[in-house]
Amino acid sequence: MDFEFSEKSLRVQAAVKAFIAAHVAPRDEDYARDEAAGIFPPPFLEELKAKARAQGLWNLFLPGLKPEEPGTPMSNLDYAPCAEIMGRIDWASEVFNCSAPDTGNMELLHLAATPKQKGQWLAPLLEGRIRSSFAMTEPDVASSDATNIRTAIRRDGNDWVISGRKFFITNAADPRTRLFIVMGQTSPDRPEPHRRQSMVLVPADAPGIKVVRNPPVMHHVHGNGHCEVLFEEVRVPAENLLGEEGGGFALAQARLGPGRIHHCMRAIGAAELALELMIGRALERRTFGQALHEHGTIREWIALSRIELEQARLLVFKTAWLIDKFGAKAARREVSLIKVIVPRIEVAIANRAMQVFGAKGLTQDTPLPDIWTHGRYLQIVDGPDEVHLRSIARAEVRAAEKKRAAADYSRPGSTVT
Ligand SMILES: Cc1cc2nc3c(=O)[nH]c(=O)nc-3n(C[C@H](O)[C@H](O)[C@H](O)COP(=O)(O)OP(=O)(O)OC[C@H]3O[C@@H](n4cnc5c(N)ncnc54)[C@H](O)[C@@H]3O)c2cc1C
């Protein structure tokens, strides 16, 4: 394994860092104020995007970006530290056209769209002219098991007709969103449960789509939204099918591999910021005759946080390296490992930092509550922890069973490897 970053990555890392310091960080308070006042997107966002694009700091997340497409393609390993830098401010990634769920959607379109679909949807997404939603989760079924998805996608002549209710659909409240990638059942009676679903491309202005509500998530109303969306007999042409009929489940798996690693890269950046803040505060404040960092408990929190961060970051790098070298499928186990561990350490480190800050740590005067909340979301987004733990454990047990089956029990010591 080789985690050395290329010259290009080092150059882009420095440029992203400088750009955020010069243009994004000074706008952070404006962003929060506008969002709280219901102004979304904030008026300065497009200007920042244009500046970032002019510097080539654009679409950095997509290793397969073609020469004729805008931006700077990077390997997953080279992109990881750039995403980490972006993760220190939760809206920064959009400035570089590197934010979820658009990134996952662009990857999906890159992978499975027809040339016509690419022209209609991928091109404007890569340009950052529109935004998109991925609509899989439903309020009425346990959606961490995608075979439960019930939204009907029925064939009627030359059209698909979509009926169902979706929930937690990120970007659905963003006025720039033009596309929903909707997952639903095209063949509910097919014997293989994993071949019943398909994905269709649905223009956001198609008649029958209703954004029912944008609920606050842990007291925060997101400008782009995590919305409940109703699809009532929404009609799109047959050519809007993405990939093959019955291929929705496989596409969802393919989409989530790189998407999950991007979330984890940004979460490492947010956790690193929480640790920096924790140490800064521990240096400044004194109790009982000592600086806070001189108290044993707080020293331990600082040390544990550093250990956890280094472990998690290296695992993210390993996962990125594996995807680059052998493809997303080969890195499935590692994607699950980081998807579980990174949000946990993000929450734990933010929690310790909040404690070191005392009462102030619970206020929006620090980014700590947002970092904590981000880690907490990630324990559910793109599949809850328990589903990943299940696949990790299943793979371990399967490997152990195989080993036992191959072992020659008649020879002493043959099971020791
Ligand atoms: C901030 C945010 C943004 C999101 N954005 C999107 C989006 O853009 N598009 C979209 O489609 N969805 C989105 N989601 C939804 C997310 O993907 C789902 O919430 C997630 O897949 C879980 O589905 P569910 O909520 O139906 O939980 P359920 O499936 O009902 O699961 C509930 C709980 O059951 C437990 N559980 C499930 N399986 C197992 C198991 N095998 N073993 C043990 N326990 C288990 C887990 O504790 C789990 O949390 C978003 C969620 C959040 C929080």
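Just above sits the structure.
Figured I'd write up the structure that's included with this text. Residue numbers here run from 1 along each chain, matching the order of that chain's written sequence. Predicted model: local features are reported for residues with pLDDT of at least 70 only, side-chain atom pairs are reported and counted for 80 or more only, and whole-chain, interface and lining totals are derived from all residues. Only hydrogens and water are set aside; all other atoms, that is, all heavy atoms of the structure, feed into the side-chain values.

1. Description of the site of the ligand
Which entries qualify depends on this criterion: One heavy atom suffices: a residue is near a molecule or strand as soon as one of its heavy atoms comes within 4 Å of it. For the purposes of these results, a polar contact is taken to be a pair of N or O atoms within 3.5 Å, where, inside protein, one atom must be able to donate a hydrogen and its partner to accept one; residues adjacent in sequence count only when each atom of the pair is a side-chain atom. The Shrake-Rupley method, run with a 1.4 Å probe sphere, supplies the accessible areas, and residue values consider only the shown protein chains as cover. Here the nonpolar group is Ala, Val, Leu, Ile, Met, Phe, Trp, Tyr, Cys and Pro; Asp, Glu, Lys and Arg are the charged ones; every other residue, Gly included, is treated as polar.
Neighbouring residues of the ligand: 21 residues in total, closest F134, T137, S144, F168 and T170. A distance of 2.7 Å separates a nitrogen atom of the ligand from a polar side-chain atom of T137. Burial of the ligand by the protein chains amounts to 69% of its free accessible area of 990 Å². Residue composition of the shell around the ligand, by class: 12 nonpolar, six polar and three charged.

2. Remarks on the layout of surface pockets
Using a probe with the size of a water molecule, rolled over the atoms, empty space left in the structure can be pinpointed. For clarity, the threshold we go by: Within this scheme a cavity is a closed region of a 1 Å grid, computed over the protein atoms alone, that accommodates a 1.4 Å probe without allowing it to escape, whereas a pocket is open but has protein on both sides within 12 Å along at least five of seven lines; lining residues each have an atom within 4 Å of a point. Grid points are joined across faces, edges and corners, and a volume is the space filled by probe spheres set on the points.
If you add up the space inside the second largest pocket, you get close to 380 Å³. What lines the second largest pocket is a set of 19 residues, among which K17, E84, I85, R88 and E276 lie closest to the centre. In terms of residue class, the lining of the second largest pocket is made up of 10 nonpolar, two polar and seven charged.

3. Let's talk about helix α3 (residues 45-54)
Heads up, the condition is: Burial status follows relative accessibility: with a 1.4 Å probe on protein chains alone, a residue under 20% of its type maximum counts as buried, one over 50% as exposed, and anything between as partly exposed. Helix and strand definitions follow DSSP, with helices as H or I runs of at least four residues and strands as E runs of at least two, each counted in order from the N terminus. To obtain the arc, one takes the directions from the helix axis to the C-beta atoms. We call two residues contacting when some pair of their heavy atoms lies within 4.5 Å.
If you check which residues of α3 are buried, you get L45, L48, K49 and A52. Along the long axis of α3, the arc covered by the buried residues comes to 100 degrees, so they all point the same way. Summarising the contacts, the buried residues of α3 are in contact with α1 (7-24) and α5 (92-95). Looking one or two places after α3, you find G56, whose phi comes out positive at around 80 degrees.

4. Side note on the nonpolar core
Rules: Throughout, nonpolar core names a set of buried Ala, Val, Leu, Ile, Met, Phe, Trp, Tyr and Cys residues whose side chains join them through atoms within 4.5 Å.
Formed by 90 residues in total, the largest nonpolar core has its most connected members in Y79, F96 and L242. A total of 15 residues in this core trace back to one element, the largest contributor, which is helix α8 (residues 248-284). Beyond its immediate chain neighbours, meaning those up to four positions away, F96 contacts V16, F19, I20, A52, L57, W58, N59 and M86. Of all hydrophobic cores here, the second largest spans 19 residues; its members include A135, F180, V229 and A238.

5. A few points about the packing of α8 against helix α10 (residues 332-357)
The line we're drawing: Axis definition: a line fit to C-alpha positions, over the contact stretch in the case of helices; interaxial angles, taken between N-to-C directions, run 0 to 180 degrees. Oblique is the label for any angle not covered by the other classes, which are roughly parallel (under 35 degrees), roughly antiparallel (over 145) and roughly perpendicular (65 to 115). Helix crossings fall into two classes, left-handed where the near helix is turned counterclockwise from the far one by less than a right angle and right-handed where it is turned clockwise.
It is at 8 Å that the axes of α8 and α10 come closest, and there the two elements cross at 25 degrees. With respect to each other, α8 and α10 are oriented roughly parallel. Pair α8 / α10 crosses with left-handed handedness. Residue classes in the contact of α8 with α10 are distributed as 19 nonpolar, two polar and six charged.

Everything listed here is a matter of coordinates, which is why it stays silent on function.
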